[in-house]
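Here is how the chains run, residue by residue.
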Amino acid sequence: MPTDFHADERDWTTVAAGLARSIGSSPRFIASNLEALDTLDKLPALRELVEELHHLDMFHLRKIDEALIGLSTDLYDDPFFWETLDDILTEHLSPTRPNPLLPTPASITRKIRGVIRMLEKIEETEDTAGMEDAENPDEPEGVDDAEESRASNSYRSHTDADGSVTTEFRLDALTYASVEKAVRTYATEHGCSFARALTALLLEKIQVQVVLDVYLAHDVDDAPGFLQPVGWLDRECTERAVEMAAKVRDMAEAAEAEVAGYRPNPAIRAYLEGRDGTCRWPGCNRPAVYSQKDHRINHRDGGPTAAANMVCLCQHHHNRKSDGQVHYALDAHTGDVIWLFADGRWVVDEAEGPLAPKQRRWVQTLSQRRARRHERARAKAEARRREQSRKGPRPGPAGQHPPRMIREEQDDAPPF
Ligand SMILES: [Zn+2]
């Protein structure tokens, strides 16, 4: 990493070409590493941690950088965002116990996307509110048009070489989760592929009932919803989910509940999935919602069917556990699982779902930060509005401009 480089030029072409000569990696690969280091410089506390522990390799650092691709300019240029991200990642990657499991790149990406989803869109909300206050009814419609055209551009298909057609469409997280659940339910019931299930649901007169569990902190103002498998929801999806909710369950009760039989009831299941987030096998990222519920102490040996004795394991890892080569202990208070392997090694896996104590603290902190940012955005919008009424009509809302994509294009230029 050159120390005299002016990072605001955002063009690694020459540097990467020079390094490629001496280390023999492709300029593109070198540039992606330099970008990752550049991003790390924006996160000083994390950088200090990495330099102390050396626990993140370039692969992890590149994944952090990649999770930020497509970030809106609003957030990219906002020191508050970087400060928040720095704190959250530093906490996520600081070991608090001996033998912790290093968070996987997927888990780091989920963390980063969570921060982005919670902090994004506030500026837009403020802009719209400002427009209404300014009694300019044309502009909110302009925003709707932009939404509409984004939606209509999001359905695409292309013909493949063998004559079949691949299609792709973009949905908001809540709609996607409903579609995914319907497709999965049908595919499981009929033992068919997801593509076949989707086709049947569209073309045949079939109805499936879809139940989604959305987790929402009741003691945090304006808390974001959490929905598997998509993760943290933005504000708009959270509001819709709350409106749609047909049933509310208290997860504190479910945490303590116990049933007599082998199968957990829906409340205990929901608690387990909400606490664990994913399969708890070290490093497995399969969403808990698709997992099996394992009794740590077998039911037939007197192990209760209750959250304190159960964890989520995907089918593959449930089999591995059942063959007796590995054991685990569960800290019911923190949700941590301590895995004990046959060769004497052990590792601690932290619960990552929205109900895990660490995650609940995270939501609280982030919500307070969001409130502060909201306050600041409001003041800024107010100042802009005053400026505007002095100058005349305002330009349209700033588009989402992904600064990192531009850099990537620049990297495609020939190195010499
Ligand atoms: Zn697994």
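Residues numbered from 1 in each chain as written. Predicted model: local features only at pLDDT ≥ 70, side-chain atom pairs only at ≥ 80, totals over all residues. Heavy atoms only, no water.

The name an unreviewed UniProt entry assigns to the protein is HNH nuclease domain-containing protein, from the organism Corynebacterium halotolerans YIM 70093 = DSM 44683.

**Description of the packing of aromatic side chains**
Quick reminder of the rule: Aromatic pairs are defined between Phe, Tyr and Trp rings, using the six-membered ring for Trp, whenever the two ring centres lie within 6.5 Å; interplanar angles under 30 degrees are classed as stacked, those over 60 as edge-to-face, and all others as tilted. Relative accessibility decides the category of a residue: with a 1.4 Å probe and only protein chains considered, values under 20% of the type maximum give buried, values over 50% give exposed, and everything between is partly exposed. Here, over-ring charges are defined by two tests on the NZ atom of lysine or the CZ atom of arginine: distance to the ring centre within 6 Å, and angle to the ring normal within 35 degrees.
Under the definition given, this model contains 9 aromatic pairs. Seen in terms of ring centroids, Phe81 and Trp82 are 5.3 Å apart; in terms of plane orientation they differ by 70°. Their pairing is edge-to-face. Residue classification places Phe81 among the buried positions, given a relative accessible area of 0%. Between Lys42 and the ring centre of Trp82, over which it is positioned, the NZ or CZ distance is 5.5 Å.

**Considerations on the packing of helix 10 (residues 173–190) against helix 12 (residues 235–244)**
We apply this condition: Simply put, an axis is a line fit to the C-alpha atoms, just over the touching stretch for a helix, and the angle between two N-to-C directions goes from 0 to 180 degrees. In DSSP terms, a helix is any run of H or I states spanning at least four residues, a strand is any run of E spanning at least two, and both are numbered starting from the N terminus. Small angles under 35 degrees read as roughly parallel and large ones over 145 as roughly antiparallel, with 65 to 115 read as roughly perpendicular and the rest as oblique. We call two residues contacting when some pair of their heavy atoms lies within 4.5 Å. Any residue that is not Ala, Val, Leu, Ile, Met, Phe, Trp, Tyr, Cys, Pro, Asp, Glu, Lys or Arg is counted as polar, Gly included; the first ten are nonpolar and the last four charged.
Axis separation between helix 10 and helix 12 bottoms out at 9 Å; the angle between their running directions is 55°. Comparing the axis directions of helix 10 and helix 12 gives the class oblique. On helix 12, the residues that touch Ala173, Leu174 and Thr175 of helix 10 are Cys237, Arg240, Ala241 and Met244. Taken together, the residues of the contact of helix 10 with helix 12 sort by class into 5 nonpolar, 1 polar and 1 charged.

**So, helix 1 (residues 13–23)**
By the burial criterion, the buried members of helix 1 are Thr13, Val15, Ala16, Ala17 and Ala20. Gly24, located one to two residues past helix 1, shows a positive phi value of around 75°.

**As for a nonpolar patch on the surface**
Counted only if it meets this: Every patch collects residues that have over 30% relative accessible area and no salt bridge, joining them within 9 Å if they carry like charges and within 5 Å if they are nonpolar side chains (Val, Leu, Ile, Met, Phe, Trp, Tyr). Calculation of accessible area relied on Shrake-Rupley with a 1.4 Å probe; when residues are assessed, cover is drawn exclusively from the protein chains displayed. Salt bridges are defined as contacts in which a side-chain nitrogen from Lys or Arg sits within 4 Å of a carboxyl oxygen from Asp or Glu.
On the surface, Tyr155, Phe169, Leu171 and Tyr176 cluster together into a nonpolar patch covering about 400 Å² of accessible area. Turning to its location among the elements, Tyr176 is positioned in helix 10.

**What about the sheet that holds strand 10 (residues 326–330)?**
Cut-off, in case you're wondering: Any two strands with at least two DSSP bridges between them are considered paired.
Across the sheet, which stays open at both edges, the 3 strands sit in the order 10-11-12 with antiparallel pairing between neighbours. Both edges of this open sheet fall to strand 10 and strand 12 (346–349), since each of them pairs with a single strand only. Strand-to-strand twist across the sheet, computed as the mean angle between neighbouring axes with direction ignored, equals 20°. When strand 10 meets strand 11 (residues 337–341), the two strands line up antiparallel, connected through 5 bridges. Residue pairing in the sheet places Leu330 in a bridge with Val337 of strand 11.

**What to know about the coordination of the zinc ion**
Short version of the rule: With water omitted from the atoms examined, metal sites may look incomplete; donors here are N, O and S atoms no farther than 2.8 Å from the metal, or 3.2 Å in the case of Na, K and Ca. For four-coordinate sites, all angles between 85 and 135 degrees define a tetrahedron; for four- and six-coordinate sites, opposite donors beyond 155 degrees with the remaining angles between 65 and 115 define square planar and octahedral shapes respectively, and all other cases count as irregular.
Around the zinc ion, the protein contributes the donor atoms Cys279 (SG), Cys284 (SG), Cys314 (SG) and His317 (ND1), at 2.1 to 2.3 Å from the metal centre. With 4 donor atoms in place around the zinc ion and angles of 98 to 120° between them, the coordination shape is tetrahedral. The sequence pattern describing where the donors of the zinc ion fall on their chain is C-x4-C-x29-C-x2-H. Linking Cys279 in the loop between helix 14 (266–276) and strand 7 (292–295) with His317 in helix 15 (residues 315–322), this pair joins segments that are 38 residues apart in sequence. Each member of the pair, Cys279 as well as His317, is classed as buried.

**Details of the pattern of salt bridges**
Enumeration according to the criterion identifies 27 salt bridges in this entry. Of the charged contacts, one joins Glu180 and Arg184 as a salt bridge, the two residues approaching to 3.0 Å between their closest N and O atoms. With Glu180 and Arg184 both in helix 10 and 4 residues apart, this pair spans about one turn of that helix. Pair check on accessibility: Glu180 and Arg184 agree, each one buried. Between Asp343 and Arg345 there is a salt bridge whose closest N-O contact spans 2.8 Å. Linked through salt bridges whose partners overlap, the residues forming this network are Arg275, Asp276, Arg280 and Asp349.

**A look at the packing of helix 6 (residues 79–92) against helix 7 (residues 105–119)**
Selection rule: Handedness of a crossing is defined here by the sense of rotation of the near helix relative to the far one, left-handed for an anticlockwise turn of less than a right angle and right-handed for a clockwise turn.
Following both chains from N to C, one finds helix 6 and helix 7 inclined at 145°, their axes separated by 11 Å at the closest point. The way helix 6 lies across helix 7 gives a crossing that is right-handed. Residues Phe81, Thr84, Leu85, Ile88, Leu89 and His92 of helix 6 form the contact with helix 7, whose own contacting residues are Ser107, Ile108, Lys111, Ile112, Val115, Ile116 and Leu119. Residues belonging to the contact of helix 6 with helix 7 are distributed by class as follows: 9 nonpolar, 3 polar and 1 charged.

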